[in-house]
Amino acid sequence: MGLRDFHERHLMLFLVAALLLLGVVMGSVAHAPLPVTLVAAVVIGVWLAIFAVRERHARRRHTSTN
């Protein structure tokens, strides 16, 4: 298994986890108070933003070495 395959598998696992967490949070939105919902939304948004920055950095590093 090459490094690219390893990276792609982790990417898919991360996206599945993020979507699963989003689904759970969205399902509980109907029962949770607004402040709790907003905090959860911010946490998920920050998590996804950090992921996007890391992916962009990794792709730039990968393309510059080839």
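No experiment lies behind these values; they were computed from the predicted model shown.

A.B. asks: What am I meant to see in the packing of aromatic side chains here?
C.D. replies: Geometrically, a pair of aromatic rings is defined through the distance of the ring centres and the angle of the planes. Enumeration according to the criterion identifies two aromatic pairs in this entry. With 4.8 Å between their ring centres and 75° between their planes, F14 and W47 make a pair best called edge-to-face. Taken together, the residues span a long stretch of sequence, with F14 in helix α1 (residues 3-28) and W47 in helix α2 (residues 34-65) at a distance of 33 residues.

A.B. asks: Sorry, what's going on with the side chain of E55 here?
C.D. replies: With respect to the secondary-structure elements, E55 resides in helix α2. Looking at E55, the relative accessible area reads 13%, which means it is buried. For E55, the contacting residues outside a window of four places in its chain are H7 and L11.

A.B. asks: Got a minute to help me understand a nonpolar patch on the surface in this structure?
C.D. replies: A contiguous nonpolar patch, built from L19, L22 and M26 and spanning about 310 Å² of accessible area, is present on the exposed surface. When you line up the elements, L22 lands in helix α1.

A.B. asks: Explain the environment of L15 here, please?
C.D. replies: The residue L15 is located in helix α1 in this model. Between the alpha carbons of L15 and L48 there is a distance of 9.0 Å; along the sequence they are 33 residues apart.

A.B. asks: Looking at this structure, how should I read the environment of M26?
C.D. replies: Mapped onto the elements, M26 comes out in helix α1. By relative accessible area, M26 is classed as exposed at 53%. For the pair formed by M26 and T37, sequence separation is eleven residues and the distance between their alpha carbons is 8.5 Å.

Criteria and cut-off values
- Residues numbered from 1 in each chain as written.
- Predicted model: local features only at pLDDT ≥ 70, side-chain atom pairs only at ≥ 80, totals over all residues.
- Heavy atoms only, no water.
- Phe/Tyr/Trp six-rings, centres within 6.5 Å; stacked < 30°, edge-to-face > 60°.
- Helix = DSSP H or I, 4+ residues; strand = E, 2+ residues; numbered from the N terminus.
- Buried < 20%, exposed > 50% of the residue type's maximum accessible area, 1.4 Å probe, protein only.
- Contact = heavy atoms within 4.5 Å.
- Patch = residues over 30% accessible without salt bridge, like charges linked within 9 Å, V, L, I, M, F, W, Y side chains within 5 Å.
- Areas by Shrake-Rupley, 256 points an atom, 1.4 Å probe, with all protein chains shown as cover.
- Salt bridge = Lys/Arg side-chain N within 4 Å of Asp/Glu carboxyl O.

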